[in-house]
Amino acid sequence: MENWITQFMEQYGYIGVFLMIALENIFPPIPSEIVLTFGGFMTTYTNMTVTGVVIASTAGSVVGAVILYGIGLLLDVERLEKIIDRWGHILRVTKEDIHKADAWFDKYGIWTVLFCRMVPLIRSLISVPAGMSNMKFVLFLIFTTIGTLIWNIILVSIGAALGENWASILSFMDIYSNIAYAIIGLGIIIFLFYFFNKKRKKS
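Residues numbered from 1 in each chain as written. Predicted model: local features only at pLDDT ≥ 70, side-chain atom pairs only at ≥ 80, totals over all residues. Heavy atoms only, no water.

Caption draft 1: Local environment of the overall build of the protein. What the protein contains, in helices and strands, is 9 helices and 0 strands. Each helix and strand of the protein, placed in order from N terminus to C terminus, yields the pattern α-α-α-α-α-α-α-α-α. Counting the 203 residues in the protein, one finds 43% classified as buried. Considering only residue pairs separated by 6 or more positions, the protein has 75% of its internal contacts joining residues 24 or more positions apart. Accessible area for the protein stands at about 11,400 Å²; split by element, carbon and sulfur atoms hold 70% of it. (Helix = DSSP H or I, 4+ residues; strand = E, 2+ residues; numbered from the N terminus. Buried < 20%, exposed > 50% of the residue type's maximum accessible area, 1.4 Å probe, protein only. Contact = heavy atoms within 4.5 Å. Areas by Shrake-Rupley, 256 points an atom, 1.4 Å probe, with all protein chains shown as cover.)

Caption draft 2: Spatial organisation of the nonpolar core. Counting 23 residues, the largest nonpolar core has Ile5, Met9, Val17, Val35, Leu36, Phe38 and Trp166 as the members making the most contacts within it. Those elements that provide at least two residues to this core are helix 1 (2-26), helix 2 (32-42), helix 3 (50-74), helix 8 (137-162) and helix 9 (169-202). Among the elements that line this core, the one with the most residues is helix 2, at 6 residues. Contacts of phenylalanine 38, omitting those with residues within four sequence positions, involve Thr6, Met9, Glu10, Tyr45 and Trp166. (Core = buried A, V, L, I, M, F, W, Y, C linked by side-chain atoms within 4.5 Å.)

Caption draft 3: Highlighting the packing of aromatic side chains. Throughout the structure, instances matching the rule amount to 9 aromatic pairs. Put simply, the rings of Phe38, Phe41, Tyr45 and Trp166 pair up and form one aromatic cluster. (Phe/Tyr/Trp six-rings, centres within 6.5 Å; stacked < 30°, edge-to-face > 60°.)

Caption draft 4: Examining the packing of helix 3 against helix 8 more closely. Axis separation between helix 3 and helix 8 bottoms out at 8 Å; the angle between their running directions is 140°. Classified by the interaxial angle, the pair formed by helix 3 and helix 8 is oblique. As for how helix 3 packs across helix 8, the hand of that crossing is right-handed. Contacts between helix 3 and helix 8 involve Val50, Val53, Val54, Ser57, Thr58, Ser61, Val62, Ala65, Val66 and Tyr69 from the former and Phe137, Phe140, Leu141, Thr144, Thr145, Thr148, Leu149, Asn152, Ile153, Val156, Ser157 and Ala160 from the latter. Split into classes, the residues belonging to the contact of helix 3 with helix 8 amount to 14 nonpolar, 8 polar and no charged. (Axes fitted to C-alpha atoms, helices over the stretch in contact; angles between N-to-C directions. Parallel < 35°, antiparallel > 145°, perpendicular 65-115°, else oblique. Left-handed = near helix turned anticlockwise from the far one by under 90°. Nonpolar A, V, L, I, M, F, W, Y, C, P; charged D, E, K, R; others polar.)

Caption draft 5: Representation of the packing of helix 1 against helix 3 within the structure. Two elements in contact, helix 1 and helix 3, have axes whose closest approach is 7 Å; the angle formed by their N-to-C orientations is 30°. Seen from above, helix 1 lies across helix 3 with right-handed handedness. Between helix 1, through Tyr14, Val17, Phe18, Ile21, Ala22, Asn25 and Ile26, and helix 3, the contact on the second element is made entirely by Gly52, Val53, Ala56, Ser57, Ala59, Gly60, Ser61, Val63, Gly64, Ala65, Ile67 and Leu68. A per-class count over the contact of helix 1 with helix 3 returns 13 nonpolar, 6 polar and no charged.

Caption draft 6: Broad picture of the environment of phenylalanine 38. Among the secondary structure elements, phenylalanine 38 is positioned in helix 2. Judged by relative accessible area, phenylalanine 38 falls into the buried class, the value being 5%. The spacing of phenylalanine 38 and methionine 9 is 29 residues in sequence and 8.6 Å in space, taken between C-alpha atoms.

Spelled out as structure tokens, the structure:
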């Protein structure tokens, strides 16, 4: 996959960066760290610039995020309630649980969107719950753009600085991703423990 990504980007330049990052948002297995660091490296031997790559990649990220946000809108709370009516007794989830999760995202969603834009894989998927919770589209765009811009500037700049050694950052990014996933996983476990413990005490 890496060879296909880099060849496509070399052939189409800024448009290639834009399309690859947009696709990466919709299809997370395409790693943004390869696209962005290689895009940075391309600025060392083509007429492309770091600023241009950052703009193209940020535009692609926002377009991809908006598509997933739209999918989230289609899977709104009302549709989830219908699923809960049918399968809630098996999933052990109630409508009240859905409303609480929705209320939590309403309260903290913008910061979740901002920081998750800097976590591989999660940076793409976070757009779906944002749409499901009907987060204000303007706020979604603003915080998506800010978080994405920070991520893109860092990785494109690293790729440009490392030059031909751009791929050396990928092993470090794997470590970063694993640490981020572990922290998120631990957070989910703590939340579920607290959630089910609270429900058990109520019952």
